[in-house]
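Coordinates in review
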Amino acid sequence: MSQNEQIVKLYKGGMKPVDIAREVGTTEWTIHHRLNRLGVERRPRGLSPAQIEEAARLYEAGESLRQLSLRLGFNDKTIKKALIEAGVGMRNSGRRD
């Protein structure tokens, strides 16, 4: 299997470009460039509406942003931004959450 075929297979299997880059020994930029050049349909960036809904439900049930980050595979700042944009009130825990 060529490296391009491996990159496409890993990406279509759900792997993130940064992880693919580590796996094949190149840069994340190279992975993005090759996927674009090969015409691979790209996944949307950020949380999907269903993920935002799930995150809101879990956050309101008491999960922390860090727990949501681990569960959903997104940076906690990305999750916080999505929750705020969805109108979810943020807890004041006395620490940056």
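Residues numbered from 1 in each chain as written. Predicted model: local features only at pLDDT ≥ 70, side-chain atom pairs only at ≥ 80, totals over all residues. Heavy atoms only, no water.

1. Quick look at the packing of helix α4 (residues 49-60) against helix α6 (residues 76-85)
The following threshold applies: Lines are fitted to the C-alpha atoms to define the axes, a helix being fitted only along its stretch in contact, and any angle between axes, read from their N-to-C directions, falls within 0 to 180 degrees. Numbered from the N terminus, helices here are DSSP runs of H or I no shorter than four residues, and strands are runs of E no shorter than two. To sort the angles, those under 35 degrees are grouped as roughly parallel, those over 145 as roughly antiparallel, those from 65 to 115 as roughly perpendicular, and the leftovers as oblique. The criterion used for residue contact is that any of the two residues' heavy atoms lie within 4.5 Å. All residues other than Ala, Val, Leu, Ile, Met, Phe, Trp, Tyr, Cys, Pro, Asp, Glu, Lys and Arg, Gly among them, are scored as polar; the first ten of these are nonpolar and the last four charged.
Packing of α4 against α6 brings their axes to within 10 Å, and their N-to-C directions diverge by 90°. It follows from the interaxial angle that α4 and α6 lie roughly perpendicular. Between α4 and α6, the residues in contact are Ile52, Ala55, Ala56 and Tyr59 and Ile79, Ala82 and Leu83, respectively. The residue makeup of the contact of α4 with α6, split by class, is seven nonpolar, no polar and no charged.

2. Quick notes on α6
How we decide: Each residue is placed in one exposure class: buried if its accessible area under a 1.4 Å probe, protein chains only, is under 20% of its type's maximum, exposed if it is over 50%, and partly exposed if it falls in between. Directions from the helix axis toward the C-beta atoms define the arc. Think of a polar contact as two N or O atoms within 3.5 Å of one another; within protein, one of them needs to be a possible hydrogen donor and the other a possible acceptor, and neighboring residues in sequence only count if both atoms come from side chains.
Inspection of α6 places Ile79, Ala82 and Leu83 among the buried residues, and these make up the whole buried set. Taken down its axis, α6 places every buried residue within 100° of arc, on the same side. Those residues of α6 that are exposed and angled more than 90 degrees off the buried face are Lys77, Lys81 and Glu85. Near the N-terminus of α6, the side chain that reaches the backbone nitrogen of Lys77, with its oxygen 2.6 Å away, is that of Asn75.

3. What about the nonpolar core?
Where we set the bar: To qualify as a nonpolar core, a set must consist of buried Ala, Val, Leu, Ile, Met, Phe, Trp, Tyr and Cys residues joined through side-chain atoms within 4.5 Å.
Leu47, Ala55, Ala56, Leu58, Tyr59, Leu65, Leu68, Leu72, Ile79, Leu83 and Val88 together form the largest nonpolar core, which totals eleven residues. Elements with a contribution of two residues or more to this core: α4, α5 (65-72) and α6. When residues of this core are assigned to their parent elements, the largest contribution, four residues, is made by α4. In this structure, Tyr11, Ile20, Val24 and Leu35 belong to the second largest nonpolar core, which totals ten residues.

4. A look at α5
Along α5, the positions that sit buried rather than exposed are Leu65, Leu68, Ser69 and Leu72. The buried side chains of α5 occupy one side of the element, clustering within an arc of 105° when seen end-on. Those residues of α5 hidden inside the fold are in contact with α4 and α6. Phi for Gly73, located one or two positions after α5, is positive at around 80°.

5. Points about the environment of Gln67
As for its placement among the helices and strands, Gln67 is situated in helix α5. Along the primary structure Gln67 and Ala55 are separated by twelve residues, whereas in three dimensions their C-alpha atoms are 9.9 Å apart.

6. A few points about the packing of aromatic side chains
Test applied: Centres within 6.5 Å are what make two rings of Phe, Tyr or Trp a pair, Trp counting through its six-membered ring; a difference in plane orientation under 30 degrees is then read as stacked, over 60 as edge-to-face, and the rest as tilted. Geometrically, a charge over a ring is one whose NZ (Lys) or CZ (Arg) sits within 6 Å of the ring centre while staying within 35 degrees of the ring normal.
Applying the stated criterion across every chain, the model contains zero aromatic pairs. Lying across the ring of Tyr11, Arg43 places its NZ or CZ 3.9 Å from the centre.

7. Quick word on the confidence of the model for the protein chain
We count it as follows: Confidence scores here are pLDDT values: one per residue, from the predictor, ranging 0 to 100.
For the protein chain, mean pLDDT is 90; residues scoring 70 or higher make up 95% of the total. Per-element confidence in the protein chain ranges from a low mean pLDDT of 91 for α5 to a high of 95 for helix α3 (residues 28-37).

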